[in-house]
Amino acid sequence: MAEKLGKPIGLTAKPTRSQEFYDSVKRKFAEERDLRLKYRPQGLSQYTSELTGALAKYEVDTYAGAVTPREPINDTVECLFVGGGFSALLTSARLREVGVESIRIVERGADVGGTWYWNRYPGVACDVVAYDYLPLLDELDYVPKDHYAGGPEIFAHCQAIARKYDLYKLATFQTTVTSTVWDEAEQMWHIATDRGDHMKARFVICANGILTKPKLAKIKGLETFKGHSFHTSRWDYAYTKPDLSGLEDKVVGIIGTGATAVQAVPGLGAAAKELYVFQRTPSSIDIRDDWPTDPNWARKLGPGWQARRRERARMEPQMTEEQKARQAATSPEEKIRRQENANMEAMMKIHHRIDQVVKDKATAEALKPWYMLMCKRPCFHNDYLPTFNRPNVHLIDTHGKGITEINEKGPVFEGKQYEVDVLIYATGFEVQKTGTYNQIKGANGLDINDKHREGVRTLLGIHSQGYPNLFVMGGLQASFQFNFTDIAEAQGEYIAACIDYVRRHGYQSLDATPKAEEWWVQEVIEHRGKTTFNQECTPGYYNFEGEFQRRQDGNYNGGFFQYCNHLNEVRARMDAHFAFTNKPLTSE
Ligand code: NDP
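These numbers were taken from a predicted model, which means no experiment stands behind them.

(A) Structural detail: the overall build of the protein. In terms of helices and strands, the protein carries 21 helices and 23 strands. If you line up the protein on its principal axes, its C-alpha atoms span 75 × 65 × 55 Å. Considering only residue pairs separated by 6 or more positions, the protein has 75% of its internal contacts joining residues 24 or more positions apart. Counting only carbon and sulfur atoms, one obtains 52% of the accessible surface of the protein, whose full area is about 25,800 Å².

(B) Structural detail: the sheet that holds strand S10 (residues 251-255). Spatially, S9-S18-S10-S11-S14 is the arrangement adopted by the 5 strands of the open sheet, whose pairing is parallel. In this open sheet, the two strands that pair with only one neighbour each are strand S9 (228-231) and strand S14 (393-397). Strand after strand, the sheet turns through a mean of 15° between neighbouring axes, direction not considered. Bridge count for strand S11 (residues 274-279) against S14 is 5 bridges, and the pairing is parallel. Looking at the pairing, Val 277 lines up with Leu 395 of S14.

(C) Seen up close, the packing of aromatic side chains. Using the criterion set out here, one finds 30 aromatic pairs in the structure. Plain terms: the ring middles of Phe 203 and Phe 471 are 6.5 Å apart, the flat faces sit at 40° to each other, and that makes the pair tilted. One end of the pair, Phe 203, is in strand S6 (residues 198-206); the other, Phe 471, is in strand S21 (residues 470-472), with 268 residues separating them in the sequence. Across this residue pair, the class does not change: Phe 203 and Phe 471 are buried. Aromatic pair Trp 297 and Trp 305: ring centres 6.2 Å apart, planes at 70°, arrangement edge-to-face. Here the aromatic cluster, defined as three or more aromatic residues joined through ring pairs, consists of Tyr 63, Tyr 117, Trp 118 and Phe 155. Over the face of the ring belonging to Tyr 47 we find Lys 215, whose NZ or CZ atom lies 3.3 Å from the ring centre.

(D) Representation of the pairing of S6 within the structure. The element S6 is largely enclosed, with a buried count of 7 among its 9 residues. Pairing between strand S2 (residues 76-82) and S6: 6 bridges, direction parallel. Paired with Leu 80 across the two strands is Val 204, which belongs to S6. Pairing geometry for strand S5 (residues 188-193) and S6, over 4 bridges, is antiparallel. Paired with Trp 189 across the bridge in S6 is Ala 201.

(E) Representation of the packing of helix H2 (residues 19-39) against helix H13 (residues 332-357). Direction vectors running N to C along H2 and H13 enclose 75°, while the axes themselves pass 10 Å from each other. When the axes of H2 and H13 are compared, the pair comes out roughly perpendicular. Mapping the contact onto sequence places Gln 19, Phe 21, Tyr 22, Val 25, Lys 26 and Phe 29 in H2 and Arg 337, Glu 340, Asn 341, Met 344, Glu 345, Met 347 and Met 348 in H13. A per-class count over the contact of H2 with H13 returns 7 nonpolar, 2 polar and 4 charged.

(F) Representation of the site of the ligand in the model. Close to the ligand lie 27 residues; Thr 260, Arg 280, Thr 281, Lys 376 and Tyr 541 are nearest. Thr 260 places a side-chain nitrogen or oxygen 2.6 Å from an oxygen atom of the ligand. Take Ile 403: an N or O atom from its main chain is 2.9 Å from a nitrogen atom of the ligand. If one sorts the elements of the shell around the ligand by residue count, helix H9 (residues 259-271) sits on top with 3 residues. Looking at the shell around the ligand, its residues break down into 14 nonpolar, 9 polar and 4 charged.

Rules behind the numbers
- Residues numbered from 1 in each chain as written.
- Predicted model: local features only at pLDDT ≥ 70, side-chain atom pairs only at ≥ 80, totals over all residues.
- Heavy atoms only, no water.
- Helix = DSSP H or I, 4+ residues; strand = E, 2+ residues; numbered from the N terminus.
- Contact = heavy atoms within 4.5 Å.
- Areas by Shrake-Rupley, 256 points an atom, 1.4 Å probe, with all protein chains shown as cover.
- Pairing = 2+ DSSP bridges.
- Axes fitted to C-alpha atoms, helices over the stretch in contact; angles between N-to-C directions.
- Phe/Tyr/Trp six-rings, centres within 6.5 Å; stacked < 30°, edge-to-face > 60°.
- Buried < 20%, exposed > 50% of the residue type's maximum accessible area, 1.4 Å probe, protein only.
- Lys NZ or Arg CZ within 6 Å of the ring centre and 35° of its normal.
- Parallel < 35°, antiparallel > 145°, perpendicular 65-115°, else oblique.
- Nonpolar A, V, L, I, M, F, W, Y, C, P; charged D, E, K, R; others polar.
- Near = heavy atom within 4 Å.
- Polar contact = N/O pair within 3.5 Å; in protein donor to acceptor, adjacent residues only side chain to side chain.

Keep in mind that these numbers describe shape and distance, not what the molecule does.
Printed below as a string of structure tokens:
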């Protein structure tokens, strides 16, 4: 299969054409970006994640059924996780290894899994190689079934981790943390939930994920639609049926063509009577080089095989002496030019593949992305493009404008009504919000979002001064990796080491010093905005929909290797970075 499809393209494509060609492509990229910025100067506020009133149905858990009644909880634990996805599971595993017994996961869903609990749309899978993406494979003695794992396998793996580390015992599901307030006298966090709980915890870890809260585009008349509708992360299998046979006689519309839609569209195209795909900006679709895990390969892996892979992922990219010399002799402008040309070459190969696969010329043209690779999450799928050859599948390209109107029958674009029975929103999620659903107040009573209003201030993206014993995972000012579990693993190990340090020294709390925090803010500033890549990109969530950002209000761009080094440095010199409290407690 893989041989027939060829290899994914990547950024190693060699630029082979004239500079004039690349310059003209770059001009086209800029035109397409400007068009979108003109349509949506409001940036991030084009979306809403305030899903209340008529929009509340888009956030209801379609998987768990009714909320199981229980008495409010009024107790104290040592470590409390807000969220039960990979961040919490990984960190809990490391905490167990250092002897922490009292661990509670508080989770909005009815089980652990986070992203993999919520995202169960047909075709859901991870496009990071499974042997790297699925964490704790050594510990669970598990080898994924295929090179890329599907959603159900990943969700089952999350549950297996929770069982292995006995995390179900104290977990509270179908529960949303609404406030987390530090009590300086008690040196404890007080946690309130939407179930009337009042829990206390010595340590709180915000493990609420980077793409947690579903969002909708603010489209005029959205709430007037009379047919059925849902968000992809709340798939309504009662309506579609698990095998999608419920769509056999239905006209289906899907809004959005990001990574989620790319995986859902092939199944929908095969099942629906008619499918309308409403596109604003096409994704880049590369080959998905998948295969079943070879049992002989799996047998020979040996103990610690995944840890060794992870170690390699954290290593600094190595260059030969010749490569180093060549790099040194090249001007910064020339380096950027070469990288850009290689990137455009890769995008032209993506275009070429579309021409080969999609039969209708106008549809093929409309499916071509005009931006640098990596401006948006690159997608990998072998069935997405061929789906547009089906007679029942229609691409409605809105040329960057997007659907701006929906009425009781369905979307309207350029005066044309698209009458649909069901409308599926593949419009994504709010990105990297610390304390989603949860108001966090620190030692001085200050809401953490108010602290960050004048610019994000953290140490390593994990601690924020004035919020003792609070750890944020996957937040701003941390490194950002294509493989999310690389970051979760590095941060989880680090957080467990911090908690272990506090416990072993008999302290009650640790808090980043103002000096340490300032050091990190400056590190982040130094590494951001070195190139204009982000500004030149078409708008999307990677560049805050084209909104201006202070340099400190993003991720740490010094590289994952360097980020891990900093985690280790801080761990090795805790006294230099934190203030510790060791005082008699007023209550326990
Ligand atoms: P995205 O935010 O990536 O995509 C939202 C889509 O909605 C975009 O195509 C956007 O267009 C489109 N859109 C918004 N408003 C309108 C409108 N009015 N009319 C038409 N289209 C509109 O969300 P996804 O859920 O697709 O993906 C989110 C992230 O989840 C991914 O980027 C990835 O990180 C992760 N993911 C990972 C997977 C994996 O395999 N590892 C699989 C699936 C998701 P525009 O591009 O113009 O903004």
